[in-house]
Amino acid sequence: MNLYEQLGGDPAIAVAVESFYSRVLADPELARYFEGMDVSAIKRHQRDFFSVLLDGPEIYDGRSMRNAHSGLGITEAEYTRVLRHLRDTLDDLRVEPELADGVIRRIELLRAAIVEIR
Ligand code: HEM
């Protein structure tokens, strides 16, 4: 089974993305990035993107990670913070620690494309 299937497919990813975004938007160090953004559109893309990233159906039709984040000035620390929220979300949803590690490792691969301030 690939990571997408192990997590529980699209319904599980949808729940995880909702909860993950609530955490990110509630974080005073991150919330300003999303002011004035169409958060429901980002969430929808995030959901499709996770599907592709975790070897599920290739349904993502948004921008590349480099293009989507270019000019935002995201720092290493902010990236790490977002990942921490994702980890906490997966722990909260009682995802097995080894599976959560696998998901986080995949997302770590995007760090260089998303972080602009090192
Ligand atoms: C952890 C890995 C991350 C992933 C997988 C990810 C994924 C995505 C995706 C799929 C989109 C939608 C792109 C589109 O609609 O074409 C997006 C947009 C966005 N992301 Fe991320 N992101 C990550 C980290 C971050 C971080 C660390 C921040 C800020 C602290 C951030 C802020 C944003 C913002 C503000 C947008 C909207 C940009 C716009 O529409 O102009 N993201 N992200």
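Each remark here, short or long, concerns the structure printed above.
Residues numbered from 1 in each chain as written. Predicted model: local features only at pLDDT ≥ 70, side-chain atom pairs only at ≥ 80, totals over all residues. Heavy atoms only, no water.

1. A word on unusual backbone geometry
Despite not being glycine, Asp 55 has its phi angle at roughly 70°, a positive value. Here Asp 55 is to be found in the loop between helix 3 (39–53) and helix 4 (65–69). If you check the backbone angles, Arg 94 has positive phi at about 60° while not being a glycine. (Helix = DSSP H or I, 4+ residues; strand = E, 2+ residues; numbered from the N terminus.)

2. Thoughts on the packing of helix 2 (residues 9–25) against helix 5 (residues 76–92)
Between two packed helices, both the angle of their axes relative to each other and the distance between the axes serve to describe the pair. Contact geometry of helix 2 with helix 5 gives a least axis separation of 9 Å together with a crossing angle of 135°. Taken together, the axes of helix 2 and helix 5 lie oblique to each other. Considering only the axes of helix 2 and helix 5, their crossing is right-handed. For the pair helix 2 and helix 5, contact is made by Ala 16, Ser 19, Phe 20, Arg 23 and Val 24 and by Val 82, His 85, Leu 86, Asp 88, Thr 89 and Asp 92, respectively. Within the contact of helix 2 with helix 5, the residues separate by chemical class into 5 nonpolar, 3 polar and 3 charged. (Axes fitted to C-alpha atoms, helices over the stretch in contact; angles between N-to-C directions. Parallel < 35°, antiparallel > 145°, perpendicular 65-115°, else oblique. Left-handed = near helix turned anticlockwise from the far one by under 90°. Contact = heavy atoms within 4.5 Å. Nonpolar A, V, L, I, M, F, W, Y, C, P; charged D, E, K, R; others polar.)

3. With respect to helix 5
Under the 1.5 Å per step criterion, the end-to-end length of helix 5 is 24 Å for 17 residues, consistent within 8% with the ideal 24 Å. For helix 5, the full list of buried residues reads Glu 78, Tyr 79, Leu 83, His 85, Leu 86, Arg 87, Thr 89 and Leu 90. Arg 94 occupies a position one or two residues after helix 5 and carries a positive phi of about 60°. (Expected span 1.5 Å × (residues − 1). Buried < 20%, exposed > 50% of the residue type's maximum accessible area, 1.4 Å probe, protein only.)

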